[in-house]
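# Secondary and tertiary structure notes
For reference, the chains in residue letters:
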Amino acid sequence: MRVAYFDCFAGAAGDMILGALLDAGLPLVKLQEEIAKLGLDNYSIESSRVVKKGISGTQALITINQSHHEHHHRHFSHIREIIGSSALDEAVKEKSISVFKRLAAAEAHVHGTDIENVHFHEVGAMDAIIDVVGSVAGLNILGIEKISCSPIHVGSGTVTCAHGVLPVPAPATAMLVKGKPVYATDVKGELLTPTGAALLTTLCSDFGPMPGMTIEAIGYGAGTSEPEIPNLLRVSIGQATDEKAGFASDQVAVIETNIDDMTPQIYDYLIEKTLGMGALDIFLTPVQMKKNRPGTLISIICDPSEVSRFAELLITETTSIGLRWRIENRLKAKREINAIETPYGKIRAKYAAIGEKTVNISPEYEDCKEAARKHGVPLKDVLEAARKLA
C-alpha cells in the first residue's frame, strides 16, 4: 500500500500541501492538466524553489487575475457545480467536494448560518478550488492509498482577515480540527489555514506518529510568511511496511494515571463503565509509588478521537487529579467473525489472519457459556467442539 505522511511542524495551508507534493515528485505539468479540467480561466499555476531557514522546498505559486474576479462571490453550491461538472476523475470530484463541504459546514457553524448560505470571495474561492482540487488530484496521480498526519502546529496570537482581528487558530479552523490532535507554541501567527485544515481532516485517516513505512520520496512545501521556524510542510511518501508484512495497522490512544488512595471496589465499576463506553481495553497494573506506597496504574486504550471522553471519565470516577496520554501505532492480525453450526447450536468464532494465513481461531466465550447452560454440558466441551468445527 502506497502511503503519505504529512509532518505539520509549521502548520499547513493549501498551497503548502501542493508545494510538498510537487517537491516529492508530482510533475507540475500533470497538476496543470488536472486543474485545466475545471474549465476555469484567468489564473496560472507555477512553482519555485525556495529556502526557509536553511531548508530547501517548493513553493506553489497560484496567480489569480483579480481585476476579473474581485467583485464576485461563490457559494458552496457554485463550487460543487464547478467541480461536479468538470472532466476530473469521479474519485477526485467526490473527495474535493467533501473537502469543501467540510469547510463550508465549519464556516456556517461559526457564522450561525446554513451551509448553502456560506459564500467565498471570488479570489479566495478560486485559490481554494485550485488548492483543494490540485491536492486531491496530486495525491491521486502519485498513487497514494492512505494518508496520515502528525499532530498539527496551529500557531498563536491573532490574525487579521476580512472579519477583523481573530484569535489563532481562526474560529473556522478551530472547528475543523475539533477532535484532532493539535498544539501551539510561542511561535506567533496563523500556521494552519482553514483550507489546509479542511484538506487534512477530510483526507487523513489518522493523526499521530509516523506509521511504519519504507520512505521513497520526501517533499517540503513552502508557505509565504516568515515565522521564526522554517515555514515548511513535509510529506513522506512510500510503502506501508506493516501491510507488506500482512498485518492490519492503525493508531490508538493510551491514557494512564497512577492511584494510591482509592477504595478497591471502585475499580470493578470503572472497568465495567469504561468498556461500556466503547474503550478498546482497560487494564490495571500494580506499581510502587512515592513514599513506598503500593498503587495501581490504570491504562485505557481507545480511539484517538475519544481521548477527552475517557479523560473526563477517569477524573470524575477516580481520585486521580491528572493523567497522561499518547498516540501509539498498533499492529494487529486481520479479523473476521463467522457463525458456525455445532451440536449445541450456532456459535460465533473469531478468525485472525496475517496475510492469507489463519493464525488463531477463538469461539466467542459468551456464546459458548450460554450454550453450555442451555444444554447442561461442561463449558470446556462446548469450547472444544466449537474450536474443532471452526
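In what follows, the accompanying structure is described. Because the structure is a prediction, the values reported are computed rather than measured.

Rules used in this analysis
- Residues numbered from 1 in each chain as written.
- Predicted model: local features only at pLDDT ≥ 70, side-chain atom pairs only at ≥ 80, totals over all residues.
- Heavy atoms only, no water.
- Salt bridge = Lys/Arg side-chain N within 4 Å of Asp/Glu carboxyl O.
- Helix = DSSP H or I, 4+ residues; strand = E, 2+ residues; numbered from the N terminus.
- Buried < 20%, exposed > 50% of the residue type's maximum accessible area, 1.4 Å probe, protein only.
- Phe/Tyr/Trp six-rings, centres within 6.5 Å; stacked < 30°, edge-to-face > 60°.
- Lys NZ or Arg CZ within 6 Å of the ring centre and 35° of its normal.
- Pairing = 2+ DSSP bridges.
- Axes fitted to C-alpha atoms, helices over the stretch in contact; angles between N-to-C directions.
- Contact = heavy atoms within 4.5 Å.
- Parallel < 35°, antiparallel > 145°, perpendicular 65-115°, else oblique.
- Left-handed = near helix turned anticlockwise from the far one by under 90°.
- Core = buried A, V, L, I, M, F, W, Y, C linked by side-chain atoms within 4.5 Å.
- Arc of directions from axis to C-beta.

## So, the pattern of salt bridges
One pass over the full model with this rule turns up 16 salt bridges. With its nearest N and O atoms 2.7 Å apart, the salt bridge here joins Arg234 to Asp7. Residue Arg234 is located in strand S15 (residues 232-240), and its partner Asp7 is located in strand S1 (residues 2-7); the two are separated by 227 residues in the primary sequence. On the basis of relative accessibility, which here comes to 27%, the residue Arg234 falls in the partly exposed class. Taking relative accessible area as the criterion, Asp7 reaches 18% and is therefore assigned buried. Glu328 is the partner of Arg326 in a salt bridge, and the nearest nitrogen-oxygen pair spans 2.6 Å. Of the residues examined, Glu328 reaches a relative accessible area of 32% and is grouped as partly exposed.

## Concerning the packing of aromatic side chains
Counted by the stated rule, this structure contains 0 aromatic pairs. Over the face of the ring belonging to Phe310 we find Arg309, whose NZ or CZ atom lies 5.5 Å from the ring centre.

## Considering the sheet that holds strand S16 (residues 248-259)
Read across the open sheet, the 4 strands follow the order S17-S18-S16-S19; overall the sheet is antiparallel. Two strands bound the open sheet, and with one partner strand each, they are strand S17 (281-288) and strand S19 (324-332). Averaged over all adjacent pairs, the angle separating strand axes in this sheet is 30°, with direction ignored. As paired strands, S16 and S19 are joined by 9 bridges and run antiparallel to one another. Paired with Val254 across the strands is Arg326, a residue of S19. Packing against the sheet, helix H10 (residues 265-276) makes contact with S16, S17 and strand S18 (294-302), and its axis sits at approximately 145° to S17. Against the sheet, helix H11 (residues 307-317) touches S16, S18 and S19, its axis set at about 20° to S16.

## Things to note about the packing of H10 against H11
The N-to-C vectors of H10 and H11 enclose an angle of 160°; their axes lie 11 Å apart at closest approach. By the criterion of interaxial angle, the relationship of H10 to H11 is roughly antiparallel. Crossing hand, H10 versus H11: right-handed. Between H10 and H11, the contacting residues are Ile266, Tyr269, Leu270, Lys273 and Thr274 on the first element and Phe310, Leu313, Leu314 and Glu317 on the second.

## Regarding the nonpolar core
Judged by nonpolar contacts, the single largest core of 65 residues is most densely connected at Phe6, Leu38, Phe100 and Leu200. Top element by residues in this core is helix H6 (residues 122-141). It accounts for 10 residues. Setting aside chain neighbours within four positions, we find Phe100 in contact with Phe76, Ile79, Ile83, Ala128, Ile129 and Val132. Formed by 16 residues, the second largest nonpolar core is a distinct cluster that contains Ala253, Leu270, Ile282 and Phe310.

## Concerning helix H12 (residues 365-375)
Listing the buried residues of H12 in full gives Asp367, Cys368, Ala371 and Ala372. Mapping the buried residues of H12 onto a view down its axis gives an arc of 135°, with all of them on the same face. Away from the buried face of H12 by more than 90 degrees, exposed residues Glu370, Arg373 and Lys374 are located. Here the buried face of H12 lies against strand S21 (345-354), strand S22 (357-363) and helix H13 (379-389). Looking one or two places after H12, you find Gly376, whose phi comes out positive at around 65°.

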